[in-house]
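# Residue-level structure breakdown
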Amino acid sequence: MAENPFTPTFGTVPYVMAGRDELLSNVKNALSRSGRDPLLSTLLIGARGTGKTALLTCIRQEAEQAGWVAVNVVALPGMLEDVYEQAMAASSHLADLKPGRHLTSVTIGPLSAEWEAEQLRQWNWRTRMTGLLDQLAESGVGLLITVDEAKADLDELIKLVSVYQLFITEGRKVALVMAGLPYQVHRLVTHKSVSFLRRAFQYNLKMVARADVETALVETFGIGGKAIGGEALKMCSETIGGFPYLLQLVGYRVWEAARRDETVSIEAAERGIEQAMSEMDERIIAATFRELSPGDVRYLQAMLQDKRESRTADISSRMGVSSGYAAKYKSRLLAQGVIGEPAKGWVAFEIPGFKEYLIERISE
Ligand SMILES: Nc1ncnc2c1ncn2[C@@H]1O[C@H](COP(=O)(O)OP(=O)(O)O)[C@@H](O)[C@H]1O
Ligand SMILES: [Mg+2]
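Residues numbered from 1 in each chain as written. Chains lettered and ligands numbered in written order. Predicted model: local features only at pLDDT ≥ 70, side-chain atom pairs only at ≥ 80, totals over all residues. Heavy atoms only, no water.

### Structural notes on the pairing of strand E8 (residues 346-349)
Sheet topology places strand E6 (residues 310-311) next to E8; two bridges connect them, and they run antiparallel. Opposite Arg-311, over in E8, you have Trp-346 as the bridge partner. Of the strand pairs in this sheet, strand E7 (residues 339-343) and E8 are connected by three bridges, and their pairing is antiparallel. Across the sheet, residue Ile-339 finds its bridge partner in E8, namely Phe-349. Linkage of E7 to E8, two consecutive antiparallel strands, is achieved through a turn of two residues, within which Gly-345 is found at a positive phi near 85 degrees. (Pairing = 2+ DSSP bridges. Helix = DSSP H or I, 4+ residues; strand = E, 2+ residues; numbered from the N terminus.)

### Thoughts on the domain arrangement of the protein chain
Here the protein chain is partitioned into domain 1 (21-204), domain 2 (210-289) and domain 3 (292-362). Together, the buried faces of domain 1 and domain 3 total about 560 Å²; carbon and sulfur atoms form 62% of this surface. Of all residues in domain 1, Ala-47, Arg-48 and Tyr-183 give up the largest surface area on contact with domain 3, accounting jointly for 66% of the area buried on that side. Where domain 1 packs against domain 3, one counts zero salt bridges. Taken together, the connections running from domain 1 to domain 3 amount to one residue pair in polar contact (both at pLDDT 80 or more). (Domains from an automatic or database assignment. Buried area = accessible area lost by both parts, 1.4 Å probe. Salt bridge = Lys/Arg side-chain N within 4 Å of Asp/Glu carboxyl O. Polar contact = N/O pair within 3.5 Å; in protein donor to acceptor, adjacent residues only side chain to side chain.)

### Concerning the packing of aromatic side chains
One pass over the structure, following the stated rule, counts six aromatic pairs. Both rings, one in Tyr-325 and one in Tyr-329, keep their centres 5.4 Å apart while their planes meet at 65 degrees; by these two values the pair is edge-to-face. Of the two residues, Tyr-325 and Tyr-329 both sit in helix H14 (residues 323-335), four residues apart, roughly one turn of that helix. Taking relative accessible area as the criterion, Tyr-329 reaches 10% and is therefore assigned buried. One cation-aromatic arrangement involves Arg-128 over Tyr-84; the distance from NZ or CZ to the ring centre is 4.7 Å. Its end group placed over the ring of Trp-255, Lys-226 keeps NZ or CZ at 4.7 Å from the ring centre. (Phe/Tyr/Trp six-rings, centres within 6.5 Å; stacked < 30°, edge-to-face > 60°. Buried < 20%, exposed > 50% of the residue type's maximum accessible area, 1.4 Å probe, protein only. Lys NZ or Arg CZ within 6 Å of the ring centre and 35° of its normal.)

This is the structure:
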């Protein structure tokens, strides 16, 4: 019997990527074109579970197929060194890439290998990257760097972006794709040292169109040896609401519920959906809720009476606090991805189902 084909695990590339065909084929074109394409500097923006990490992986795969060297780091201390080391390792099949190649000519006298190695480590990151890119250029190979969980308060990331900008100015074949929560990416593009990022292509992962969700469900169920259609399919796609993580979770549970059947029945869909939704509560919403402070919760409560977006000025007056005080909680909640800032002065719940969960919790 076939295995369950759904992958409700963070960071996993699903069998079928819903709704990303257009972006991926544009990226593919950008990578195979000889000129400089705006897509080569891209920011992927989306809440937890919208598929940023999976999309970064697919983009790297496209790049490798187009003959680029691709490396991936998470925005954490040590990331620059990681970029360099991964790029070296990934390029080792090309020509004779030796880290010390340019250095040997400037070393004078009988110096030990250790000394040389140490000098090498100290060597400015940009200089080392330049040497590497020179050698890649000899084979016409480009370098794609992807950065996951991008955030503005990491100096190394700011440095990476600044150096990348220089590489572009020098006409080098480089690409940078970064992914992060809306708030973090917003802070990054408004950071004064990397203003060129404002011209980067921004791709919002928000919600996948209904038709794409249904196509992905049909195809993925097909891989798992089952057919789905009609009302059962409609119920699933309605529940999923375009949210990629939920697509996997609902698909996974519905497939389990229909384990013995070749076609997914309405009953199986109902059972699967019910289970998926309670897990969604447990895995994403309750886990996020537990991390909130009482002040965070009060801020969110003050948002509840608005239908969709809330005006920040209304929130502080409902809380009976100054706008500066409320802003402190706003930025904490933005950073956690619980709320988003659709426009200046407006906030909204970002995680599907979070608002409903909160209403239930406070009426307990
Ligand atoms: N385009 C997509 N279509 C269907 N499922 C997806 C898609 N992108 C991601 N997923 C699935 O959604 C879940 C979350 O993806 P992930 O890339 O970890 O999200 P993020 O990095 O934004 O938190 C994973 O289970 C993944 O397999
Ligand atoms: Mg991720």
